[in-house]
Amino acid sequence: MALLEVKKLYKSFGGLQAVNNANLTVEEGRAHSIIGPNGAGKSTFLNLIIGNLKPDSGTVVFQGENLVGLEPYDINQKGVVRVFQSPSVYSDMTLLENTTISALAKRDGKFSLNFFQHPKKRKDAIAVAEEALDNVDLLDKAHEEASNLSYGDKRRLELAICLAQKPKLLLLDEPTAGMSQAETQSTIDLLKRLASKGEMTKVIIEHDMHVVFSLADHITVLHQGTVIADGSPQQVKDDPAVIEAYLGGVEEL
Ligand SMILES: Nc1ncnc2c1ncn2[C@@H]1O[C@H](COP(=O)(O)OP(=O)(O)OP(=O)(O)O)[C@@H](O)[C@H]1O
Ligand SMILES: [Mg+2]
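What counts, and where the lines are drawn
- Residues numbered from 1 in each chain as written.
- Chains lettered and ligands numbered in written order.
- Predicted model: local features only at pLDDT ≥ 70, side-chain atom pairs only at ≥ 80, totals over all residues.
- Heavy atoms only, no water.
- Helix = DSSP H or I, 4+ residues; strand = E, 2+ residues; numbered from the N terminus.
- Buried < 20%, exposed > 50% of the residue type's maximum accessible area, 1.4 Å probe, protein only.
- Domains from an automatic or database assignment.
- Contact = heavy atoms within 4.5 Å.
- Buried area = accessible area lost by both parts, 1.4 Å probe.
- Salt bridge = Lys/Arg side-chain N within 4 Å of Asp/Glu carboxyl O.
- Expected span 1.5 Å × (residues − 1).
- Arc of directions from axis to C-beta.
- Axes fitted to C-alpha atoms, helices over the stretch in contact; angles between N-to-C directions.
- Parallel < 35°, antiparallel > 145°, perpendicular 65-115°, else oblique.
- Left-handed = near helix turned anticlockwise from the far one by under 90°.
- Near = heavy atom within 4 Å.
- Polar contact = N/O pair within 3.5 Å; in protein donor to acceptor, adjacent residues only side chain to side chain.
- Areas by Shrake-Rupley, 256 points an atom, 1.4 Å probe, with all protein chains shown as cover.
- Nonpolar A, V, L, I, M, F, W, Y, C, P; charged D, E, K, R; others polar.
- Pairing = 2+ DSSP bridges.

### Thoughts on unusual backbone geometry
Part 1 of the reasoning: Its identity is not glycine, yet K8 carries a phi of approximately 50°, on the positive side.
Part 2 of the reasoning: Inspection of the secondary structure puts K8 in strand β1 (residues 4–13).
Part 3 of the reasoning: Judged by relative accessible area, K8 falls into the exposed class, the value being 56%.

Take a look at the structure:
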């Protein structure tokens, strides 16, 4: 069984059909990328999966359970975590405090200050938080205030905050947007390293083809809300419908 199976998903905004009969199968352990020209419906599709938007019709089955109709919080607690949107960074706290709160929120459903009274819980959460920081190469800055971080490091911290929740499915919407070339490259290296660990399934929405082809082992192409291609990076690259969709726009594949 696939980890995530989206079937016949529809979402319109007024007269605009943003997602139009879209299907997606994500196998466990994959680094699965969703690409498509501007306005193709990628972010809308992601928001439908995580419950930020309700589809007009269709199903989003995660681990055999239909998520449609559930609140974003409940979907998150099932292990579906979106990076770079929520949760946010508390800039007056240290990196370790930021990731520890996230680890606790996952464990208990809700952060509660009385965790200070439970040394074991606190120790476990701190261990998870430190591991998450280590995974993004920020452990040496664990006791610095988040407000001191560079833009690239802040994005890494956001990723660590998500990793501290031990996601089963990690969703990233343009993880390298706004980054310098050097930051982009180090983010690719970081995501590759996470991908090679293989315990977590990733869905990456990305504009930057360099990022997509160096990271993804499976690609789904959206165009005008519909899937026009789905397969290995090579299959997708050679697909005439994909070339047409991109050449029809201004982007190069
Ligand atoms: N809340 C909304 N209300 C009205 N229209 C919307 C809304 N969200 C998205 N749209 C429209 O739906 C279409 C798909 O948008 P979406 O943001 O999902 O595309 P995208 O593939 O993520 O684009 P980009 O590559 O620019 O991020 C666009 O035409 C967009 O203008
Ligand atoms: Mg988008």
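Read on, since the account is not over.
### Some points on the environment of I34
Part 1 of the reasoning: Tracing the backbone through its elements, the reader meets I34 in strand β3 (residues 31–35).
Part 2 of the reasoning: Along the primary structure I34 and I219 are separated by 185 residues, whereas in three dimensions their C-alpha atoms are 5.9 Å apart.

### Quick word on the domain arrangement of the protein chain
Part 1 of the reasoning: Considered domain by domain, the protein chain is made up of domain 1 (1–79 + 169–253) and domain 2 (94–166).
Part 2 of the reasoning: Taken over C-alpha atoms, the centre of domain 1 sits 26 Å from the centre of domain 2.
Part 3 of the reasoning: With 20 residues of domain 1 at the contact, the number on the domain 2 side is 16 residues.
Part 4 of the reasoning: Summed over both sides, the interface of domain 1 with domain 2 buries roughly 1,300 Å², with 46% coming from carbon and sulfur.
Part 5 of the reasoning: Our enumeration of links across domain 1 and domain 2 arrives at one salt bridge.

### Structural notes on helix α6 (residues 181–197)
Part 1 of the reasoning: Between the first and last C-alpha of α6 there are 25 Å, a value that for 17 residues agrees with the 24 Å anticipated at 1.5 Å per step.
Part 2 of the reasoning: The inward-facing, buried residues of α6 abut α4 (119–135), α5 (151–163), β7 (169–173), β8 (201–205) and α7 (209–215).

### With respect to α4
Part 1 of the reasoning: Here α4 spans 24 Å end to end across 17 residues, near enough to the 24 Å set by a 1.5 Å rise per residue.
Part 2 of the reasoning: Those residues of α4 that sit buried are A125, A129, A132, L133 and N135. Within α4, the buried residues cover an arc of 155° as seen down the axis, which keeps them to one side. Along α4, exposed side chains directed more than 90 degrees from the buried face belong to P119, K120 and K123.

### Notes on the packing of α4 against α5
Part 1 of the reasoning: Where α4 contacts α5, the two axes come as close as 8 Å, and the packing angle between them is 140°. Between α4 and α5, the angle is such that the two are oblique. Remark: the crossing between α4 and α5 carries right-handed chirality. Residues A132, L133 and N135 of α4 pack against L157, A160 and L163 of α5.

### Quick word on the site of ligand 1
Part 1 of the reasoning: As a structural note, the neighbourhood of ligand 1 is formed by 13 residues, with G39, K42, S43, T44 and H207 the closest of them.
Part 2 of the reasoning: G39 places a polar main-chain atom, nitrogen or oxygen, 2.9 Å from an oxygen atom of ligand 1.
Part 3 of the reasoning: Contact distances for ligand 1 include 3.0 Å between an oxygen atom and a backbone N or O atom of G41.
Part 4 of the reasoning: Here ligand 1 loses 58% of its free accessible area of 630 Å² to cover by the protein chains.
Part 5 of the reasoning: Of all elements in the fold, only β2 (16–26) and α1 (42–49) reach the threshold of two or more residues within the shell around ligand 1.
Part 6 of the reasoning: Among the elements that line the shell around ligand 1, the one with the most residues is α1, at three residues.
Part 7 of the reasoning: Looking at the shell around ligand 1 residue by residue, the classes come out as five nonpolar, six polar and two charged.

### Considering the sheet that holds strand β6 (residues 80–83)
The strands that make up a sheet are held in pairs by hydrogen bonds between backbone atoms, and each pair lies either parallel or antiparallel.
Part 1 of the reasoning: In spatial order, the strands read β6-β7-β8-β3-β9-β10; together these six strands make up an open sheet with mixed pairing. Of all strands in the sheet, those with a lone pairing partner are β6 and β10 (226–231), marking the two edges. Ignoring strand direction, the axes of neighbouring strands in this sheet form an average angle of 20°.
Part 2 of the reasoning: The sheet contact formed by β7 and β8 spans five bridges and is parallel. Within β8, the position partnered with L171 by the bridge is V203.
Part 3 of the reasoning: The strands touched by α1 within the sheet are β3, β6, β7, β8 and β9 (218–223), with β7 carrying the most contacts at an inclination of about 150°.

### Some remarks on the pattern of salt bridges
Part 1 of the reasoning: For the structure shown, the criterion picks out eight salt bridges.
Part 2 of the reasoning: Its salt-bridge partner being D137, residue R193 comes within 3.4 Å of it at the nearest N-O pair. Pair noted here: R193 is in helix α6 and D137 is in the loop between α4 and α5, with a separation of 56 residues, a long-range link.
Part 3 of the reasoning: Classification of R193 as partly exposed rests on a relative accessible area of 35%.
Part 4 of the reasoning: Residue D137 is classed as partly exposed on the basis of its relative accessible area, which comes to 45%.

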